[in-house]
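# Inside the fold
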Amino acid sequence: MDINKLIAHYNDNYTKKVFLTKLSDKMQNAYILYLHDYISELENFSDTFLKYLPFYVRNSDYFETLDELEDLDTQLTSRSKSMRKNSRVIPQRKIESDGIYGELFLDFYLRIVNARNSIITYANKRSFDSNVESTGPDNIVYYVDQSGNINICLCEAKFVGGAANAKNALVEDIIGRPATPGKKDGKPAHISVSYLNDYFQFVVEKGYNIQEPDKTRFKTFFIDLNSQLDAGNDFVSILIKHNVCVNFIFFAAFDSKQRSPDKFKANYDEIYDKCKQGVTAMGISNYKIEIVFIPTENSTMDIKRAMEKSYE
């Protein structure tokens, strides 16, 4: 099946299940909030997760064998259930600590809602026998804007209980967490030169994925990137040299009764300000920051349990 037909299927049948109504703050359009049908929330989140998992995990070649004469959702469900239960790529982790829930809906937001293209797939990020979280940003995608400029999006996702927990977790990704004396429980700042340089060394070694029409535009950037990474591992300086616009996207689903962006202004502001400080410290001047919230009616644990129940 042509991959664009599959994308169209997700757009036509699943986008409105979670991303129904887009709102943005009146003073800051980088602060985004999505509403959905709260009465059918458990069903809609579960159905979207179940059908979208194969697209999130695998690259486009995996879908060439989909039969256009058979029901597409039936085929996606079958592949999703087999993948979730049997794949060595998807770690079998406790529901409380599994990051795949937020990552999957972030990917749907990026690649279906906003038509971005992935640079590295979920499967490529993982070792076949690993049962821990993948390193690096939760997602990295790209697009070419209307002016023909390259945009790279570095993204973080959370699916947690409460707006404060979502904000704190995203801020921790941005600024890091110092280790407790005598323990190895520290966390590096994701918005830093050293972290991004190390991560893109990993991306280049794993193999990045650029769509055919965009390869020519990216060619000089990646030639320079490969050369510099081999010589000095300085991805950030290549971004600056080629004037690549870096989009920092922070995505969170959390339970809350609030349904308006202005009710979360303090949360948005802290995430935005911490990111801006980190970006400025790296010397990047061509950037955008976007923060996307999805408040849910049910507790996020109940939604995760409903998503897992669909695999029974």
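This structure is a prediction, so every number in the text was calculated from the model and none was measured.

### With respect to the overall build of the protein chain
The number of helices and strands found in the protein chain is 12 helices and seven strands. Scaling as 2.2 N^0.38, a compact globule of 312 residues should have a C-alpha radius of gyration of about 20 Å, and the protein chain matches this with 19 Å. Put simply, the protein chain has 312 residues, and 50% of those count as buried. Counting only contacts in the protein chain whose residues sit at least 6 apart along the sequence, the fraction spanning at least 24 positions is 73%. By element, 47% of the accessible surface of the protein chain is carried by carbon and sulfur atoms, the whole surface being about 14500 Å². Taking the 39 positively charged and 43 negatively charged side chains of the protein chain as two groups, their mean positions are separated by 3 Å.

### Here's the deal with the packing of helix α7 (residues 163-175) against helix α11 (residues 265-282)
At a closest axis distance of 9 Å, the pairing of α7 and α11 adopts a crossing angle of 0°. Looking at the two axes, α7 sits roughly parallel to α11. Contacts from Ala163, Ala164, Lys167, Leu170, Val171, Ile174 and Ile175 of α7 reach α11 at Asn267, Glu270, Ile271, Lys274 and Cys275.

### Looking at the pairing of strand β4 (residues 139-144)
Both faces of the sheet carry side chains from a regular strand, because those side chains alternate between them. Of all six residues in β4, five are buried; the element is thus mostly enclosed. Sheet analysis places strand β3 (residues 117-118) next to β4, joined by two bridges and oriented antiparallel. Looking across to β4, one finds that Ser118 is bridged to Val141. Linkage of β4 to strand β5 (residues 150-160), two consecutive antiparallel strands, is achieved through a turn of five residues, within which Gly148 is found at a positive phi near 85°.

### Things to note about the environment of Glu172
Along the chain, Glu172 turns up in helix α7. Given the relative accessible area of 26%, Glu172 is considered partly exposed. For the pair formed by Glu172 and His190, sequence separation is 18 residues and the distance between their alpha carbons is 8.7 Å. Residues within four places of Glu172 in sequence aside, it is in contact with Arg177 and Lys187.

### As for the confidence of the model for the protein chain
Chain-level pLDDT for the protein chain is 88 on average; 93% of the residues reach the 70-or-more range. Of the regions scoring below 50 in pLDDT, residues 127-131 engages in nine contacts with residues more than four places distant in sequence or in other chains.

### Re the pattern of salt bridges
For the structure shown, the criterion picks out 16 salt bridges. The closest approach of N and O atoms between Asp98 and Arg84, which form a salt bridge, is 3.6 Å. With Asp98 in the loop between α4 (72-86) and α5 (100-113) and Arg84 in helix α4, this pair connects stretches of sequence that are 14 residues apart. For Arg84, a relative accessible area of 7% puts it in the buried group.

### Quick look at the environment of Leu76
By secondary structure assignment, the location of Leu76 is in helix α4. When the C-alpha positions of Leu76 and Leu53 are compared, they lie 8.4 Å apart, and in sequence the two are 23 residues distant. Apart from residues lying up to four places away in sequence, Leu76 is in contact with Leu6, His9, Tyr10, Leu50, Lys51, Pro54 and Phe63.

### Overview of the layout of surface pockets
Empty space within the second largest pocket amounts to approximately 370 Å³. In terms of lining, the second largest pocket is formed by 19 residues, of which the most central are Ile3, Ile7, Arg116, Asn117 and Gln211. Residue assignment for the lining of the second largest pocket shows that the elements contributing at least two residues are α1 (3-13), α5 and β3. Among the elements that make up the lining of the second largest pocket, the one with the highest residue count is α1 (four residues). Among the residues making up the lining of the second largest pocket, the classes are represented as six nonpolar, nine polar and four charged.

### Quick look at the packing of aromatic side chains
A complete count under the given rule lists 28 aromatic pairs for this structure. Considering the side-chain rings of Phe45 and Phe159, the 6.2 Å spacing of their centres and the 85° angle between planes classify their relative orientation as edge-to-face. You can see Phe45 sitting in helix α3 (residues 41-57) and its partner Phe159 sitting in strand β5, a full 114 residues away along the chain. This pair shows no difference in class: Phe45 is buried, exactly as Phe159 is. Aromatic ring contacts, followed pair by pair, group Tyr10, Tyr14, Phe19, Tyr34, Tyr52, Phe55, Phe63, Phe108, Tyr109 and Phe251 into a single cluster. In this structure, Arg116 is placed above the aromatic ring of Tyr143, and the distance from its NZ or CZ to the ring centre is 3.6 Å. Note that Arg259 overlies the ring of Tyr38, its terminal NZ or CZ placed 4.0 Å from the centroid.

### Re the packing of α3 against α5
The interhelical angle for the contact between α3 and α5, taken along N-to-C directions, is 75°, at an axis separation of 10 Å. Classed by the angle they form, the pair α3 and α5 counts as roughly perpendicular. Only Ile100, Tyr101, Glu103, Leu104, Phe105, Asp107, Phe108, Arg111 and Ile112 of α5 make contact with α3, whose side of the interface consists of Phe45, Thr48, Phe49, Tyr52, Leu53, Phe55 and Tyr56. Split by residue class, the contact of α3 with α5 holds 12 nonpolar, one polar and three charged.

The rules behind these values
- Residues numbered from 1 in each chain as written.
- Predicted model: local features only at pLDDT ≥ 70, side-chain atom pairs only at ≥ 80, totals over all residues.
- Heavy atoms only, no water.
- Helix = DSSP H or I, 4+ residues; strand = E, 2+ residues; numbered from the N terminus.
- Rg over C-alpha atoms; globule rule 2.2 N^0.38 Å.
- Buried < 20%, exposed > 50% of the residue type's maximum accessible area, 1.4 Å probe, protein only.
- Contact = heavy atoms within 4.5 Å.
- Areas by Shrake-Rupley, 256 points an atom, 1.4 Å probe, with all protein chains shown as cover.
- Lys, Arg positive; Asp, Glu negative; His and termini not counted.
- Charge placed at Lys NZ, Arg CZ, Asp CG, Glu CD.
- Axes fitted to C-alpha atoms, helices over the stretch in contact; angles between N-to-C directions.
- Parallel < 35°, antiparallel > 145°, perpendicular 65-115°, else oblique.
- Pairing = 2+ DSSP bridges.
- pLDDT = per-residue confidence, 0-100.
- Salt bridge = Lys/Arg side-chain N within 4 Å of Asp/Glu carboxyl O.
- 1 Å grid on protein atoms, 1.4 Å probe; cavity = no way out; pocket = protein on both sides within 12 Å on 5 of 7 lines; lining within 4 Å.
- Points joined across faces, edges and corners; volume = space filled by probe spheres on them.
- Nonpolar A, V, L, I, M, F, W, Y, C, P; charged D, E, K, R; others polar.
- Phe/Tyr/Trp six-rings, centres within 6.5 Å; stacked < 30°, edge-to-face > 60°.
- Lys NZ or Arg CZ within 6 Å of the ring centre and 35° of its normal.

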